[in-house]
Structure formats: structure tokens, C-alpha cells
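# Coordinate inspection notes
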Amino acid sequence: MNPQPPNDLPVYRLLTGKDDAAFCRSVSEALALGYQLYGSPAMTFNGTDTIVAQAVLWGG
């Protein structure tokens, strides 16, 4: 187990963005690095796009 995330990334991250393939890729990349999902995702609508957020916590 790595005690710290790579590339000086923080232990806790809140990933946000439009609900699209790019957002899904960013969450998938974080999981591949060793982060774990933290809590439930959140979703809102800004009048044009669905915006999502997912917290991840370093698990190494």
C-alpha cells in the first residue's frame, strides 16, 4: 500500500463536471490510481447540463 497518492495529488478529491464520458473517465482514472469512492455521488442541473460530483479518498 502506498501511503501517499502519486504526483502530489491530495488524499481527498472531489471530482466534478458535466455528466459525460470525460467525467466518467476522470473517476475511472482516480480508481485505477488507487483512490476509492467516498460517499454517494451528487447531481444537479444548471439549466443546460447535468453536473455531477463524486468524492474519492486515497486508498493506495
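Here is a short report on the structure shown in this document. (Residues numbered from 1 in each chain as written. Predicted model: local features only at pLDDT ≥ 70, side-chain atom pairs only at ≥ 80, totals over all residues. Heavy atoms only, no water.)

With antiparallel pairing, three strands are arranged side by side in an open sheet as β1-β3-β2. In the strand order of this sheet, the two ends are held by β1 (12–18) and β2 (35–45), each with one partner. With strand direction ignored, the average angle separating the axes of adjacent strands in the sheet is 15°. The sheet contact formed by β2 and strand β3 (residues 50–58) spans eight bridges and is antiparallel. Residue pairing for β3: Leu 37 is matched across the bridge by Val 56. Seen against the sheet, helix α1 (residues 21–33) touches β1, β2 and β3 and runs at an angle of roughly 160° to β1. (Pairing = 2+ DSSP bridges. Helix = DSSP H or I, 4+ residues; strand = E, 2+ residues; numbered from the N terminus. Axes fitted to C-alpha atoms, helices over the stretch in contact; angles between N-to-C directions. Contact = heavy atoms within 4.5 Å.)

The next point concerns the nonpolar core. Counting residues in each nonpolar core, the largest one holds eight residues, listed as Leu 15, Phe 23, Val 27, Ala 30, Tyr 35, Val 52, Val 56 and Trp 58. Elements with a contribution of two residues or more to this core: α1 and β3. (Core = buried A, V, L, I, M, F, W, Y, C linked by side-chain atoms within 4.5 Å. Buried < 20%, exposed > 50% of the residue type's maximum accessible area, 1.4 Å probe, protein only.)

Everything listed is a geometric property; what it means functionally is a separate question.
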